[in-house]
There are 2 protein chains.
Amino acid sequence: MHSPELLKGTLQTIVLKVLKDHGRMYGYEITQRVKELSDERIMLTEGALYPALHKLEAEGMLKTETETIGKRVRKYYSLTPQGRNLVKERVSEFIDFIQTMGNVLQVSLR
Amino acid sequence: MHSPELLKGTLQTIVLKVLKDHGRMYGYEITQRVKELSDERIMLTEGALYPALHKLEAEGMLKTETETIGKRVRKYYSLTPQGRNLVKERVSEFIDFIQTMGNVLQVSLR
DNA sequence: AATCAATACATAAGTGAATTATGTATAAAG
DNA sequence: CTTTATACATAATTCACTTATGTATTGATT
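Residues numbered from 1 in each chain as written. Chains lettered and ligands numbered in written order. Predicted model: local features only at pLDDT ≥ 70, side-chain atom pairs only at ≥ 80, totals over all residues. Heavy atoms only, no water.

Enquirer: Explain the interface of chain A and chain B to me, and be specific about the residues and the numbers.
Expert: Every contact between the two is made by 35 residues of chain A and, on the other side, 35 residues of chain B. The interface formed by chain A and chain B includes two salt bridges. Taking the shortest distance from any N to any O, the salt bridge between B:Arg41 and A:Asp96 comes out at 3.3 Å. At the junction of chain A and chain B, the tally comes to four residue pairs in polar contact (both at pLDDT 80 or more). Where the side of chain A that touches chain B is concerned, the elements lending two or more residues are helix H1 (11-22), helix H2 (27-37) and helix H4 (81-105) of chain A. (Contact = heavy atoms within 4.5 Å. Salt bridge = Lys/Arg side-chain N within 4 Å of Asp/Glu carboxyl O. Polar contact = N/O pair within 3.5 Å; in protein donor to acceptor, adjacent residues only side chain to side chain. Helix = DSSP H or I, 4+ residues; strand = E, 2+ residues; numbered from the N terminus.)

This is the structure:
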């Protein structure tokens, strides 16, 4: 894992984009997917993830369906149309940020 | 300016790299240089910059020389050998972070 | 059968890097 | 002569995160 400071402010973007790419997912599944995609570098903590999901739901960006597997409860999240717009915004925001940082740090990102 | 959340954790990296590229600089000059390089997108605030500079100095990453221009005092900062190592570390840390985010968000950064 | 690790959710307490606010003072511009 | 820019500094506050804690089911290990 790299300096976790850099991760600040990226959580919403990550959650939204992963949900866009993989469709309907539950919380724990998101942590595992991100862990996998990041090659163990990004380990979302529950204390950050669940409140973030609740907030996005409250804002109408995500909708939920609860499913019971055996005796275990799973809460599936998916994007609302509004959420779909937000993903685009957040991702292009991030790309713009990278571009800007590339200029400031004078590094060519790839 | 884009979502300022993303900027968190990048301040040290920015300051160190700008100092590496431009040599001896004073605080206010750093804010102006970063503003210019970022095309007005990154406006370092004094409340963040000065404490960061003091901290890096206390850690032996920067050394200072005070100069008096007229009646105005300027405090010039430059990298120590240790600081030079830290820049490399921070910049490659950042590049690694970008790469990782590219994978997670499934976007090709340029 | 018992214990540990993984799965799955949730929330409260604490941290720390930032923002915002405030203060001092000189120089230049209008 | 008053506003804007230059130049430093620090204290108070904020808020997204980490850390800690809690509950409960499932699967693997001894």
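There's more to say after this.
Enquirer: Before we move on, can you summarise the packing of aromatic side chains with the specific residues and values?
Expert: Residue and element names in this part refer to chain A. Going through the model one piece at a time under the given rule, you end up with four aromatic pairs over all chains. On the numbers, 6.0 Å between centres and 45 degrees between planes, the contact of Phe-94 with Phe-97 is tilted. Note that Phe-94 and Phe-97 are positioned in helix H4 at a spacing of three residues, about one turn of the helix. Using a relative accessible area of 0% as the deciding quantity, one classes Phe-94 as buried. We note Arg-24 situated over the ring of Tyr-76; from NZ or CZ to the ring centre the distance is 4.0 Å. (Phe/Tyr/Trp six-rings, centres within 6.5 Å; stacked < 30°, edge-to-face > 60°. Buried < 20%, exposed > 50% of the residue type's maximum accessible area, 1.4 Å probe, protein only. Lys NZ or Arg CZ within 6 Å of the ring centre and 35° of its normal.)

Enquirer: With reference to specific residues and values, describe the relation of the copies chain A and chain B.
Expert: With an RMSD of 0.0 Å, the fit of chain A onto chain B corresponds to turning through 180 degrees and sliding 0.0 Å along the axis. Here the transformation between the copies is reduced to the relation of a two-fold axis. Nearest to the rotation axis, the C-alpha of A:Lys8 is located 3.0 Å from it, this being the minimum over chain A. Comparing contact sets, 100% of the residues at the interface of chain A also lie at the interface in chain B, consistent with an isologous, same-surface contact. (Least-squares fit on C-alpha atoms with pLDDT ≥ 70 in both.)

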